[in-house]
Amino acid sequence: MLRPGMYLQERYEIIEKIGSGGMADVYKAMCHTLNRLVAVKVLKDEFSGNEDFVNRFKMEAQAVARLAHPNIVNVYDVVDEGDIHYIIMELIEGITLKRYIAKKGCLEVKETIGIAIQMAQGMSAAHQQNIIHRDIKPQNIIISKDGKVKVADFGIARAATSNTQELKAMGSVHYISPEQARGEMVDARSDIYSLGITMFEMVTGRLPFDGENTVTVAMAHLQNPITPPKKCNPNIPECLEDIILKCTEKKPDDRYSSAEEVLADLRRALINPHDPIFDDVDFDDPDSEKEELSSGSKGEGHSGRKSISKGIHSKRQDDITHQLERIFSIAGIIAAIIIVAVLLIVMTQLGGLFFSGSSKPQTGETAESTVAEVTTAAIADGQVTMPNLLTKPLPMKEDEARRILEQCGLQMVVSSVEYSNEVPVGYIMAQEYPEGTALEKNTVVNVKVSKGTGTIDLDTMGLAGMELQAAKTLLTEKNLVVAVTESFSDTIPAGNVIRYEPLMPKEGETVTLTVSKGPSQAVVPDVTGLTPEAADAALTAEGFVPGCIGEEYSETVDPGLVCSQTVPPNVPYQRGLPVQYYISLGPEETIIGATHYVASINKQYNLSLDLGPGSSRTSVLIVVRLRQEVNGRTVVKDLMEPRTVVGDSVIPIVFSRIEGADGVEEGTVELVDLDNNKVLASYPVSFFKTEN
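Report follows, based on the coordinates. (Residues numbered from 1 in each chain as written. Predicted model: local features only at pLDDT ≥ 70, side-chain atom pairs only at ≥ 80, totals over all residues. Heavy atoms only, no water.)

**Re unusual backbone geometry**
Negative phi is the rule for most residues except glycine; trans is the rule for most peptide bonds. Test applied: Every helix listed is a DSSP run of H or I at least four residues long, and every strand listed is a run of E at least two residues long, numbered separately from the N terminus.
With omega at -5°, the peptide bond leading from E501 into P502 counts as cis. Position of P502 among the secondary structure elements: in the loop between strand 18 (497-501) and strand 19 (510-516). You will see that R134, though not glycine, has its phi angle at about 75°, which is positive. Inspection of the secondary structure assignment puts R134 in the loop between strand 8 (131-132) and strand 9 (141-144).

Below, the structure is given as structure tokens:
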């Protein structure tokens, strides 16, 4: 087990243990090379000697290290250091989705869709690299403090190819896909099933399958139809229920084939939460279809959705047939026009042969005019031709398109204004009818107009260094949501913006502003001689955390005032860290010829045990103290003056005569690291009464 203060690779300083799983322990650490916090995932001792486990552990890291995506916990390094095997990962400060669901009971619809979108984005990035997670569950989803969703713990992930047999790695049984439960080969659709179960839990606050043991739950995934989420929560819109049920089909072929398909429907549901996903179904007898859907959902799980799929397929076939008929009709008209024109030309020429004296042969110009007249005559009976609004290299602008259609006797209606990465703002994106379509006069033509990419370049707004409230106002005017985090800065004044992300957000998205808390360090004030209240105020004003940790005798400071502090005064020190102090008891009374209580100690302590590898290049400010409880109060006395020693020193803790408080027979000798305000070692001592 690693301990706080230890170094790995003479680079990563262990701060604290933050988690533990079946195979590994996770620690928070500081990377002193890049000056950033990281997570260190260390294979447990009982597995370090097992080559299979070590290879599996490293396989996880090597697979995930290829991924770089904002919705996946990044892996920075994979290290073997002696018998210690560990990976260095991105540290995410936040809460697991499992705890978040437990805290809220169930999530709101838009919140569920937003989280699911980010999960699917991370899954999609992994699937594109042929990496299947195999253990998607709320416990492996982390929501950071700034709202980002991260897929974590690819603990049983494997690099999958179409020719690789599944290693029968079972994910958590409550979220496992049917094919995993059978030990069959899995692909991206297995992760999609687990995503569907997770979405079910988010919106209902419960799992769809449960049982007395893992076998019972696994069998339920194999055999039992999933309960429609709306039966558990009537507020769930049909579109989201459709997505969940399609994700959780028993057969992989009936599910979404990719995370990208899930994303498309989730985004649609986010924009129009009350429109069903299958809203393009158009049956001749809608009432009978509703009955079929109702019957299927009650008795056969998802058969109702399957019938919808069949209806969609039938509808699309009808649409295709209709389009072909229209194309053939138009083609027939054009062919007829050409034939008539040719016949006219031929007849004219023949007429010239038979009646050579009556007129001159027609020229090519005359023939073209004849064709034009025939064409006009063919559509003149209350019809006009649809023009092309999608000209190259750019389509028409909205005003120009409206003018052209009005000249043709058509009316233009903008049916939607949508984002586009290809079409500039204000230009036509799509037209309802293709160019050349014969339309009745005054027909309404629906068009889509681009509102551009919708992205806003924050670099052009001068946010860096701006006062927070001014930055909020600018971003709100751009229809952006503002989130704020704080960080120390030695260059940006307190209350001003240090940085922002993302750099190119779209309207409605969240921009996170990191605001300065001022310099990371401040000079520690001298609080000796002050009352505890005054000392607290002085330390708090400089950004430190104050606190009294005991009392000690002092020859120079009056009782009740601060007589010493854990961090020396007038030196730079990290804000946010504790600076504590001792209260004076006044001078220790020594009565000649009276009884004394004394003790002795003979110990030594190796500092490298705490500082770990690389300790020879560090130094520590230490002190040895006596701590006793005297009349219900903690009394502390230095047994030696504070001194700085090299980090790999062996400290002698040898005192032949330690004088304690009168009448107190017990105490503790402590070796204290003053730099980190931490007790490195403590030794109980017993006091014996003696005469001077």
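**Topic: the sheet that holds strand 18**
Let me state the cut-off plainly: In short, DSSP must find at least two bridges between two strands for them to pair. Axis lines are fitted through C-alpha atoms, for helices just across the contact stretch, and the angle between N-to-C directions can take any value from 0 to 180 degrees.
Taking strand neighbours across the sheet as the criterion, the three strands line up as 17-19-18 in an open arrangement whose pairing is mixed. The sheet is open, and its two borders are formed by strand 17 (481-487) and strand 18, each paired with just one other strand. Between one strand and the next, the sheet's axes are offset by a mean angle of 25°, whatever the strand orientation.

**A word on the packing of aromatic side chains**
Using the following cut-off: Pairing of aromatic rings covers Phe, Tyr and the six-membered ring of Trp, with a centre-to-centre limit of 6.5 Å; geometry is then stacked below 30 degrees between planes, edge-to-face above 60, and tilted otherwise. Each residue is assigned to one of three classes by its accessible area relative to the maximum for its type, calculated with a 1.4 Å probe on protein chains only: buried under 20%, partly exposed between the two thresholds, exposed over 50%.
Enumeration according to the criterion identifies one aromatic pair in this entry. With a centroid separation of 6.0 Å and an interplanar angle of 45°, the aromatic rings of F544 and Y573 are classed as tilted. One end of the pair, F544, is in the loop between helix 16 (532-541) and strand 21 (545-552); the other, Y573, is in strand 23 (residues 572-574), and 29 residues separate them in sequence. Like F544, the residue Y573 is buried in the burial classification.

**Thoughts on the pairing of strand 2 (residues 12-20)**
Here two bridges tie strand 1 (residues 7-8) to strand 2, and the two strands are oriented antiparallel to one another. What sits directly across from Y7, in strand 2, is E13. Hairpin connection of strand 1 to strand 2: three residues between the antiparallel strands, including Q9 at a positive phi of 55°. Pairing between strand 2 and strand 3 (residues 24-31): seven bridges, direction antiparallel. Note that in strand 3 the partner of K17 across the bridge is Y27.

**Quick word on the nonpolar core**
How we decide: Buried Ala, Val, Leu, Ile, Met, Phe, Trp, Tyr and Cys residues that are joined via side-chain atoms within 4.5 Å together make up what is termed a nonpolar core. In this description, contact between two residues means that some pair of their heavy atoms is separated by no more than 4.5 Å.
Counting 45 residues, the largest nonpolar core has L97, I115, M119, M199, M202 and L266 as the members making the most contacts within it. Those elements giving two or more residues to this core turn out to be helix 3 (97-104), helix 4 (109-128), strand 9, strand 10 (149-151), helix 6 (188-204), helix 7 (214-223), helix 9 (238-247) and helix 10 (259-271). Looking at this core, the element that brings in the most residues is helix 6, giving eight residues. Setting aside its immediate chain neighbours within four residues, L97 contacts L107, I115, M119, P138, I141, I143, T198 and M202.

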